[in-house]
Amino acid sequence: MEERNKLEAAAGKLRFERRRERQKALLLGIISIFIFLTVWQMLCTLHIVGENVLVSPIKVIQAIWIKAGDTRPDGNTLLQNILSSFRLVLIGFGLALVIGLPLGLLMGWYRPLDKFIRPIFEIIRPLPPIAWIPIVIVILGIGTAAKSFIIFFTTFVPIVINSYTGIRETNQVYINFAKTCGYSNWRIFRTVGIPSAMPLAFAGMVIALGNGWGTLVAAEMLASNSGLGYMIFMGRSYGRIDIIIAGMLVIGLIGLALTAALELIEGYVLKWRIKEK
Amino acid sequence: MENRNKVELHKISKVFLNGDSCEAAIEEVSLSVKENEFLVLLGPGECGKSVLLNIVAGLMEATSGEVYINGELCGGIHPEVGMVFQELGVLPWLTVRDNVALPEKFRGMSKKDRYAHGQEFIDLVGLHGFEKYYPHQLSGGMKQRVGIARAYASDSDILLMDEPFGKLDAQTRYSMQDEILKIWNQNKKTVIFVTNNIEEAVYLGDRIILFTAAPMSVRRIYDLKDLPRPRNYTDEKFLQIRGEINRHMDLVIQ
Amino acid sequence: MKKMKKVLAMAMALSLGITAGCGGGKDVPTEQTEETTAKEKITVSVHPSGHGLPAYVAEQNGYYEEEGLEVETLVYIGAPPQMEAYEAGAWDIGTTGFGGIVLGVAKSSLKIIGVTIDDGTVMGLWARPDSDIVNAGYQEETGCYGTAENWKDLEILYTQGTITDIMLTATLECLGLAADDVVRTNMDSSPAFTAFQAGSGDLVQANSSFYFNAEDAGWVPVTTGVSQEIYMPSVIVASDKMIEEDPETVEKWVRAYMKGVQWIKDYPEEAAELFVEFCEENGVATDEANALKFVDAQIIKIPSPKEQTGYFKKAEEGERTVLQEALMKCMETYVSMGNYTQEDADALMLDENYDGSFMEGLNP
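Residues numbered from 1 in each chain as written. Chains lettered and ligands numbered in written order. Predicted model: local features only at pLDDT ≥ 70, side-chain atom pairs only at ≥ 80, totals over all residues. Heavy atoms only, no water.

(A) Broad picture of the overall build of chain C. Helix and strand counts for chain C stand at 18 helices and twelve strands. Across the 364 residues of chain C, 55% fall into the buried class. The contacts in chain C between residues at least 6 apart in sequence include a share of 77% that link residues at least 24 apart. (Helix = DSSP H or I, 4+ residues; strand = E, 2+ residues; numbered from the N terminus. Buried < 20%, exposed > 50% of the residue type's maximum accessible area, 1.4 Å probe, protein only. Contact = heavy atoms within 4.5 Å.)

(B) Local environment of the domain arrangement of chain A. Residue and element names in this part refer to chain A. In terms of domain boundaries, chain A breaks down into domain 1 (1-53) and domain 2 (55-269). Of note, the centres of domain 1 and domain 2, computed from C-alpha atoms alone, are 28 Å apart. Each side of the interface is counted separately: domain 1 has seven residues, and domain 2 has eight residues. Interface area for domain 1 against domain 2, summed over the two sides, is near 640 Å², with a carbon-plus-sulfur share of 64%. (Domains from an automatic or database assignment. Buried area = accessible area lost by both parts, 1.4 Å probe.)

(C) Spotlight on the packing of helix H3 (residues 78-109) of chain A against helix H6 (residues 144-168) of chain A. Residue and element names in this part refer to chain A. Two elements in contact, H3 and H6, have axes separated by 6 Å at closest approach and are oriented at 30°. As judged from the angle between their axes, H3 and H6 are roughly parallel. Between H3 and H6 lies a crossing whose hand is right-handed. Across the contact of H3 with H6, the residue classes tally to 20 nonpolar, eight polar and three charged. (Axes fitted to C-alpha atoms, helices over the stretch in contact; angles between N-to-C directions. Parallel < 35°, antiparallel > 145°, perpendicular 65-115°, else oblique. Left-handed = near helix turned anticlockwise from the far one by under 90°. Nonpolar A, V, L, I, M, F, W, Y, C, P; charged D, E, K, R; others polar.)

(D) The nonpolar core, seen in detail. Among the nonpolar cores identified, the biggest contains 158 residues, and B:Leu31, B:Leu41, B:Leu52 and C:Trp253 are the most heavily contacted of them. The greatest single-element share of this core, amounting to twelve residues, is contributed by helix H8 (residues 185-214) of chain A. The next biggest cluster of nonpolar side chains, apart from the first, holds 60 residues, and it includes C:Ile163, C:Ile166, C:Met167 and C:Val182. (Core = buried A, V, L, I, M, F, W, Y, C linked by side-chain atoms within 4.5 Å.)

(E) Representation of the interface of chain A and chain B. In this complex, chain A contributes 23 residues to the contact, which on the side of chain B involves 26 residues. Summing both sides of the interface, chain A and chain B together bury roughly 2,400 Å²; the carbon and sulfur share of this comes to 68%. For the chain A face of the interface with chain B, the top three residues by lost area are A:Tyr174, A:Phe177 and A:Trp272, together amounting to 28%. At the boundary of chain A with chain B, the tally comes to zero salt bridges. Taken together, chain A and chain B are joined by four residue pairs in polar contact (both at pLDDT 80 or more). Among the elements that take part in the side of chain A that touches chain B, helix H7 (residues 172-180) of chain A stands out by supplying six residues, more than any other. (Salt bridge = Lys/Arg side-chain N within 4 Å of Asp/Glu carboxyl O. Polar contact = N/O pair within 3.5 Å; in protein donor to acceptor, adjacent residues only side chain to side chain.)

(F) Layout of the sheet that holds strand S1 (residues 5-18) of chain B. Residues and elements named next belong to chain B. The strand order across the open sheet formed by four strands is S2-S1-S4-S5, and the pairing between neighbours is antiparallel. Edge positions in the sheet fall to strand S2 (21-34) and strand S5 (72-74), since each has one partner strand and no second. Taken over all neighbouring pairs, the strand axes of this sheet differ in orientation by 30° on average, direction set aside. Summarising the sheet, strand S4 (residues 64-69) and S5 pair through three bridges and their orientation is antiparallel. If you follow Ile69 over to S5, its bridge partner there is Glu72. Running over the sheet, helix H1 (residues 49-57) touches S1, S2 and S4 and is turned about 120° from S1. (Pairing = 2+ DSSP bridges.)

(G) Representation of the interface of chain A and chain C in the model. Each partner contributes to the interface: chain A provides 19 residues, whereas chain C provides 24 residues. For the chain A face of the interface with chain C, the top three residues by lost area are A:Asn52, A:Arg236 and A:Tyr238, together amounting to 33%. The interface formed by chain A and chain C contains one salt bridge. A:Arg236 is the partner of C:Glu84 in a salt bridge, and the nearest nitrogen-oxygen pair spans 2.8 Å. Across the contact surface, chain A and chain C share eight residue pairs in polar contact (both at pLDDT 80 or more). Listing elements by their share of the side of chain A that touches chain C, those giving two or more residues are helix H5 (129-140) and helix H10 (228-237) of chain A. Here the side of chain A that touches chain C takes four residues from H10(A), the largest share from any one element. Tallied by class, residues from the side of chain A that touches chain C come to ten nonpolar, six polar and three charged.

(H) Quick look at unusual backbone geometry. Cis geometry marks the peptide bond from A:Arg72 to A:Pro73, where omega comes out at -10°. As for its placement among the helices and strands, A:Pro73 is situated in the loop between helix H2 (57-67) and H3. Of note, the phi angle at B:Lys11 is positive, near 50°, even though the residue is not glycine. With respect to the element layout, B:Lys11 can be found in strand S1. On the accessibility criterion, B:Lys11 (43% relative accessible area) is partly exposed. The phi dihedral of C:Glu229 is positive, around 55°, even though this residue is not glycine. Residue position: C:Glu229 is located in the loop between strand S11 (220-224) and strand S12 (233-239). Note on C:Glu229: relative accessible area 65%, which makes it exposed.

(I) Looking closely at the side chain of A:Ser163. Residues and elements named next belong to chain A. Inspection of the secondary structure assignment puts Ser163 in helix H6. Within polar-contact distance, the side chain of Ser163 engages the backbone oxygen of Ile159 at 2.7 Å. Residues within four places of Ser163 in sequence aside, it is in contact with Gly100, Leu101, Gly104, Leu105, Ala197 and Ala201.

(J) Quick look at the domain arrangement of chain C. All names here are of chain C. The assigned domain composition of chain C is domain 1 (40-118 + 233-361) and domain 2 (124-224). Each of domain 1 and domain 2 was reduced to a C-alpha centroid, and the two centroids are 27 Å apart. Contacts between the two partners involve 13 residues from domain 1 and, on the opposite side, twelve residues from domain 2. Looking at the side of domain 1 facing domain 2, the largest losses of area belong to Asn290, Tyr334 and Met337, adding up to 37% of the total buried there. A salt bridge links Glu215 to Lys293, with the shortest nitrogen-to-oxygen separation between them at 3.3 Å. The tally of links between domain 1 and domain 2 comes to four residue pairs in polar contact (both at pLDDT 80 or more). Of all the secondary structure elements, the ones that give two or more residues to the side of domain 1 that touches domain 2 are helix H14 (288-297) and helix H16 (322-337). Here the side of domain 1 that touches domain 2 is composed, by residue class, of eight nonpolar, three polar and two charged.

(K) Spatial organisation of the pairing of S1(B). All names here are of chain B. Direction of pairing for S1 relative to S2: antiparallel, over a ladder of ten bridges. From the neighbouring strand, Lys14 faces S2, where its bridge partner is Ile26. Turn length for the S1-S2 hairpin, with the two strands adjacent in sequence and antiparallel, is two residues, and the turn residue Gly19 shows positive phi of about 70°. With five bridges connecting them, S1 and S4 associate as antiparallel partners. Note that in S4 the partner of Val7 across the bridge is Ile69.

(L) Looking closely at a positive patch on the surface. Positive charge collects at one region of the surface, where A:Arg15, A:Arg18, A:Arg19 and A:Arg22 lie side by side. Turning to its location among the elements, A:Arg15 is positioned in helix H1 (residues 2-45). (Patch = residues over 30% accessible without salt bridge, like charges linked within 9 Å, V, L, I, M, F, W, Y side chains within 5 Å. Areas by Shrake-Rupley, 256 points an atom, 1.4 Å probe, with all protein chains shown as cover. Lys, Arg positive; Asp, Glu negative; His and termini not counted. Charge placed at Lys NZ, Arg CZ, Asp CG, Glu CD.)

(M) Molecular detail of the sheet that holds strand S1 (residues 40-46) of chain C. Residue and element names in this part refer to chain C. Strand order in the open sheet made by the five strands is S2-S1-S3-S12-S4, with mixed pairing throughout. Unpaired on one side and paired on the other, strand S2 (69-75) and strand S4 (110-118) mark the two borders of the sheet. Each strand axis lies, on average, 20° off the axis of its neighbour in the sheet, ignoring direction. With two bridges connecting them, S1 and strand S3 (residues 93-96) associate as parallel partners. From the neighbouring strand, Val44 faces S3, where its bridge partner is Ile93.

(N) Structural context of a negative patch on the surface. Residues and elements named next belong to chain C. On the surface, a cluster of negative charge is made up of Glu59, Asp216, Glu269, Glu270, Glu273, Glu277, Glu280, Glu281, Asp287, Glu288 and Asp296. Residue assignment for the negative patch shows that the elements contributing at least two residues are helix H13 (268-281) and H14. Looking at the negative patch element by element, the count peaks at six residues for H13. Accessibility expressed as a relative area gives 36% for Glu270, which makes it partly exposed.

(O) Seen up close, the pairing of S12(C). All names here are of chain C. The element S12 is extensively covered by neighbouring structure, given that seven of its seven residues are classed as buried. Because side chains alternate across S12, one face comprises the buried residues Pro233, Val235, Val237 and Ser239, and the other comprises Ser234, Ile236 and Ala238, equally buried. Two strands pair when backbone bridges link them, and S3 and S12 are joined in this way by four bridges, in the antiparallel orientation. Across the sheet, Ile93 pairs through a bridge with Ala238, a residue of S12. Summarising the sheet, S4 and S12 pair through six bridges and their orientation is antiparallel. Bridged to Leu110 within S12 is Ser239.

Rendered as structure tokens:
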């Protein structure tokens, strides 16, 4: 099949070019991180910045290394803290997904539901998570439920908004076609609306996960005895700058890993999309 | 055997509300389509042909007038009516064979049977081997063929085609015209084909209904049954008919 | 040149006029000449608590004016932000609690030049009146309510890394319990109070101004700094730089501060009123009745300059001063719990971190 051969030749060339691009990007990334670390180390070694303000990258790595097995000064090892925070975010994000995704999709498809829920949603949306803390303490107490709620809140909003927008953008032609197949509105929602909304919905999930993971410090501020945010607070109380920075670094790296994992899943589920990079 | 009218439109009118003002899109159009004939609806762009087609398909409601299918009054989506859209008519998240199997889903067949049934039409349109491909991996012409295969697979007696080759380049367009005639010859159905291209109309149609610009009404009807198939673009008779339609169409585009 | 002199003179006049106005109008603006000395400008930092009150009094009563000081006061709710500001060079002299002592003295360049309130006097863990631990009653031997059984697995809402840790550890030791026999939930004072009111937790910390609020709420202090015999001084600190370059100003401020202390002892009711003002300006809730109790319980007991000189003296060479002993007792607990290291403790004990000369200078 001539057409198929032509396709494969073109694909091969594209793949090669793309690999080159990726290598270039990777190299640039590595160089920038290297420069950043060098400047940081210099600032500390040359004592341009005091030890009680900034700690060198080497000390931070040391802190991470030691904290992996040491429970001081906050009473948990690094892994215990990571797992504790992870649990909070998982619960909050999971709930937001289970509630927010269907809600956004249904709101986008069924007008009456949209009109009903919108006002409440728009009022809640702009509230910063920290503002919720006093109310949450009184209603939910200070345990996992309360802290997960803070995280639920920051993840819920982008998921709803994005799945809503995604399904609203469903192409009318697809809907028309499904109608001519004799599908009911509900059937069209499931077979046309939902798949159509998935690219944007996933984008919403990636944002939500980033938000949620970034909010764990605020959530743990409520009341904790473990977690990465808690570890940072304790570092602050005990004057351990190395632990503060180590905590921030770990939070950042894990956030990166989570986003990458989610995008991998997205790539598989949405393999039908035209990739324009 | 009685050569009954497969589709009949009786004084169809359509008015759109545009803010405060009313826009008449279609004005009392009446026509009939014989069984298994290839009818072409021709008119200048934006004159309302698609609207008319949507009404027949049941996607839009006529402001007044009736649609009869197989002699019965029809008021919405009809299982005997299938539609081929322009390029976007193929769902991008389904493979070729899933797309072709779509209409059947409604009829409650098992997956295996659906695929087997659809395979026949995938082969018919010349896409054998591409069953598991996703639309984004196909060319424009191939996507259209998927749409056609799907419409055929749905076993509807009446196929509506809304400028299906409109987005294709000239080369692909010519080959698709041959394709569609070939398929139609192998598997006779009643086809209502919308286009704004005179050449295409003369090449494909048993009959051509020429419409005016908006508000749309029937200008003239051309019967081309005497023009032998396969038709030739450079044939004298072909060019003569084409010229005649051209003149009348010119009058329409004021 | 003549024009420049005129401009300079006008500028000085303006600044003198303004600062004179700021001091409550007590000073009559003097006629300025080029020899007039501008006031000493210093930045002081305190907490909105018992050890900050004398500084507030000094400001309100014009003692700073009398010393020729122009003071900007920074108020921080806790030691970490206060010490972070110190690192950034925001202030040079002030008062702080134990957390600040480690962060600022052991780990940085502040020196202790005096003591102020004893945090141990108004410090406690509270329980709801109907709880088991309260019903079990007070035990003389352990200095707390309830037995080890009552205490096991209780959830305690408090701020970790503060003096409450010392009191809790002392209590657990008396009861024969291990550190993780209780559940520690880290919260700041204010949200902890609210949460406890809403029903969360079994015990809650309520120190300083919160102490009497807890009393009002009907809660029972199941262990206190007093019953556990905790002596935890808050201190007056100054940067090594300021002590070296500007000791006269340090002396002036300490004098103004101690004048404030004396005034509080002489006029406790008026001091209570000022305390309410001081707290409210900084977002801490209290009322007059509690403020008076607070003044009586804690602030009146601040040692005089003469008494303080004794704190800085060593009985014999090679031994620790009274002050060092007191601080070391607390440090040992922290080191054993793993919060601070032995290096931190050793650093705190260095003699160079203490300077009793300023208190001596105040002795008539």
